[in-house]
Amino acid sequence: MKVIVDMAKCQDHGQCAIAAPEVFEMNEEGRLVYDGEPGEERRLEVEEAADVCPVQAILIKD
Amino acid sequence: MTGTPGSDGHIAVVGASLAGLRAAEQLRAAGHTGPITVFGAEPYAPYNRPPLSKEVLAGPGDHDAERLHAQVAFRMRSSVADVTFRLGAAVAAADLARGRLTLADGREAGFDGLVAATGLRPRRLPLPGPQAGRHALRTLDDCLALRAALGPGTRVVVAGAGFVGCEVAATALRLGCQVTVVEPAAEPMLAVLGPELGRAVRRHHEAAGVRFVTGRLTAAVHGRDRVRAVELDDGTTLEADVLIEAVGSVPNTEWLAGNGLDLSDGVLCDNALRAGERLVAAGDVARFPNPLFDDRPRRVEHWSIPGDTAKRAAATLTALLAGRAPDPAPFAPVPSFWSDQLDLRLQSFGSPALAEEARLEEGDPARLGEGVLATYHREGRHVGTVAVNLPPARQRELRAAFTRPLLTLTRNP
């Protein structure tokens, strides 16, 4: 599964890092870092992260 | 959902905003294989409302509804590709016993299961006088109308200093308007933030140029063919080109009348979001008890709630239609929302509005921009947290304060 975050949209709300902490993380500067190719076993939590993004910046490509 | 039989039959989802979309997606995730129809009163596919008081309202130039909608439209999961969206199709009535909906244009539609996700509409000030120049903000069309009315030098009165009122005030200021906010309470967002943080946010807005008149109601609207002035309950008159009414919301439940439901404030549900034999509710319109706090059913107008309630409501309805008992595990979502105002980001977890006492934990309210943390308590229990400009990396820990009691609930229901 491929995960793409539209960094022009991302406003560092950090909700994805709550929903899928193994895939998304807010670093010390408060910016998002993420795994763009997480394993298929993470699908449910990555979908949850995409759902809860307040600016809907997360795209999952199958 | 391996092993649990799904359901067939036709499910109607009434409401095509965040809760309605998530309900359709989660019905598929819960194993519902029958047809799903989503009815939306607005002509637009599901879109995200928070930017309407901020980015979309502030954006320059473009007034094209379709392009603006594209900016805020929700992406839909591939699982809902076969869901029928009937947009611009308001539902006027439902007959639960017969399984029939009547649309506003008189047509009918049948259902086996029903999701109520009709959300809220803005409450309007019960004041006579000119209508032109008076605005509320809930829909994309509201936003477009307001946008066209705001520009440099526009004199704006915002009635109501809740979160929407304060966000709109900040955006109008950014557009060059002269902004006055009128609020009956002593401070903006008082019910949620408490007096100390409310005062601090007011001063932050005032330093930027927003004027506040607190402890006052709007009493009259003056002007012959359009708003010229707003009169307050002490006789003060504020000259105004635009009046923005941000005085709370009314749940859209009239269409469910006549079915013996409790619609006194939204749709009364049990903890699994069940409101009737084959009716569930999701989103702002659902009134349900949250065992994180107590057993009193409440509506929750936070952005996180449509997603959480839709998921549980979909699982409940799928079980009901398949002839199974709904999952008995307690449903205890952690409410959360954010609000961007000027250079501030307020982030809330739990339900600060339920608290009797606010405690400042970190930071200096006179310097909100540098980060402030407050916690909220009721009967000695921590029920809410508000963070202002704290690093996003802190959010997991702040939210976790409320997920821990959930584990206890699950083990000892």
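Residues numbered from 1 in each chain as written. Chains lettered and ligands numbered in written order. Predicted model: local features only at pLDDT ≥ 70, side-chain atom pairs only at ≥ 80, totals over all residues. Heavy atoms only, no water.

### Details of the interface of chain A and chain B
To keep things clear, this is the line we draw: Pairs of residues are marked as contacts when any of their non-hydrogen atoms sit within 4.5 Å. Joining two parts hides part of their accessible area as seen by a 1.4 Å probe, and the buried area is that hidden amount summed over both. For this document, the term salt bridge refers to a Lys or Arg side-chain nitrogen within 4 Å of an Asp or Glu carboxyl oxygen. Polar contacts, as used here, are pairs of N or O atoms within 3.5 Å; protein pairs need one atom able to donate a hydrogen and one able to accept it. Residues neighboring in sequence count only if both atoms are side-chain atoms. Counting from the N terminus, the helices are the DSSP runs of H or I reaching at least four residues and the strands are the DSSP runs of E reaching at least two. When residue character is reported, Ala, Val, Leu, Ile, Met, Phe, Trp, Tyr, Cys and Pro are called nonpolar, Asp, Glu, Lys and Arg charged, and the others, Gly included, polar.
In this assembly, 23 residues from chain A lie in contact with 22 residues from chain B. Note on chain A versus chain B: buried area summed over both sides is about 1,800 Å², and carbon and sulfur give 43% of it. Here chain A is connected to chain B by 4 salt bridges. One salt bridge connects Arg22 of chain B with Asp51 of chain A, and the closest N-O pair in it is separated by 3.7 Å. Seen at the junction of chain A and chain B, the total is 11 residue pairs in polar contact (both at pLDDT 80 or more). Among the elements of the structure, helix H1 (15-19), helix H2 (43-52) and strand E4 (58-61) of chain A are those that each provide at least two residues to the side of chain A that touches chain B. At 4 residues, H2 of chain A tops the list of elements feeding residues into the side of chain A that touches chain B. When the residues that make up the side of chain A that touches chain B are grouped by side-chain class, the tally is 11 nonpolar, 7 polar and 5 charged.

### Points about the sheet that holds strand E22 (residues 298-299) of chain B
In plain terms, the rule: Two strands are counted as paired when DSSP detects at least two bridges linking them.
Pairing is mixed across the open sheet formed by 3 strands, whose spatial order is E18-E21-E22 (chain B). Because the sheet does not close on itself, it has two edges, and the strands there are strand E18 (267-268) and E22 of chain B.

### A word on the pattern of salt bridges
As enumerated under the stated definition, the model contains 38 salt bridges over all chains in all. Residue Glu397 of chain B is joined to Arg394 of chain B by a salt bridge in which the shortest nitrogen-to-oxygen separation is 3.2 Å. Ionic contacts of the salt-bridge type, sharing partners, join the residues Glu47 and Asp51 of chain A together with Arg22, Glu25 and Arg77 of chain B into one network.

### Let's talk about the packing of helix H5 (residues 163-174) of chain B against helix H6 (residues 190-208) of chain B
Residues and elements named next belong to chain B. To be explicit about the condition: To get an axis, fit a line to the C-alpha atoms, keeping to the stretch in contact for a helix; angles then go from 0 to 180 degrees between the N-to-C directions. Working rule for angles: under 35 degrees goes down as roughly parallel, over 145 as roughly antiparallel, 65 to 115 as roughly perpendicular, anything else as oblique.
At a minimum axis distance of 11 Å, the contact between H5 and H6 shows a crossing angle of 10°. Classified by the angle between their axes, H5 and H6 sit roughly parallel to one another. Contacts from Phe163, Cys166, Ala170 and Leu173 of H5 reach H6 at Val192, Leu193, His205 and Ala208. Here the residues of the contact of H5 with H6 are counted per class, giving 7 nonpolar, 1 polar and no charged.

### Things to note about the environment of Glu370 of chain B
Residue and element names in this part refer to chain B. Definition in use: Only protein chains enter the accessibility calculation, which uses a 1.4 Å probe. A residue is then buried if its area is under 20% of the maximum for its type, exposed if over 50%, and partly exposed in between.
Looking at the element boundaries, Glu370 is found in the loop between strand E25 (357-362) and strand E26 (372-378). You can call Glu370 exposed: its relative accessible area is 60%. Linking Glu370 and Leu390, residues 20 residues apart in sequence, is a C-alpha distance of 7.8 Å.

### As for the domain arrangement of chain B
You'll often see interface size given as the accessible area lost when the parts meet. Residues and elements named next belong to chain B. Quick note on the threshold: Residue ranges assigned to each domain were obtained from an automatic or database domain assignment.
What the domain assignment reports for chain B is domain 1 (11-121 + 250-321), domain 2 (124-247) and domain 3 (343-411). On a C-alpha basis, the centroid separation for the pair domain 1 and domain 3 is 29 Å. Counting residues at the interface gives 6 residues for domain 1, matched by 10 residues for domain 3. Taken together, the links from domain 1 to domain 3 amount to 1 salt bridge. Among the salt bridges present, the one from Asp294 reaches Arg378, with a minimum N-O distance of 3.1 Å. Along the contact surface separating domain 1 from domain 3 lie 4 residue pairs in polar contact (both at pLDDT 80 or more). For the side of domain 1 that touches domain 3, the class distribution of residues is 3 nonpolar, 1 polar and 2 charged.

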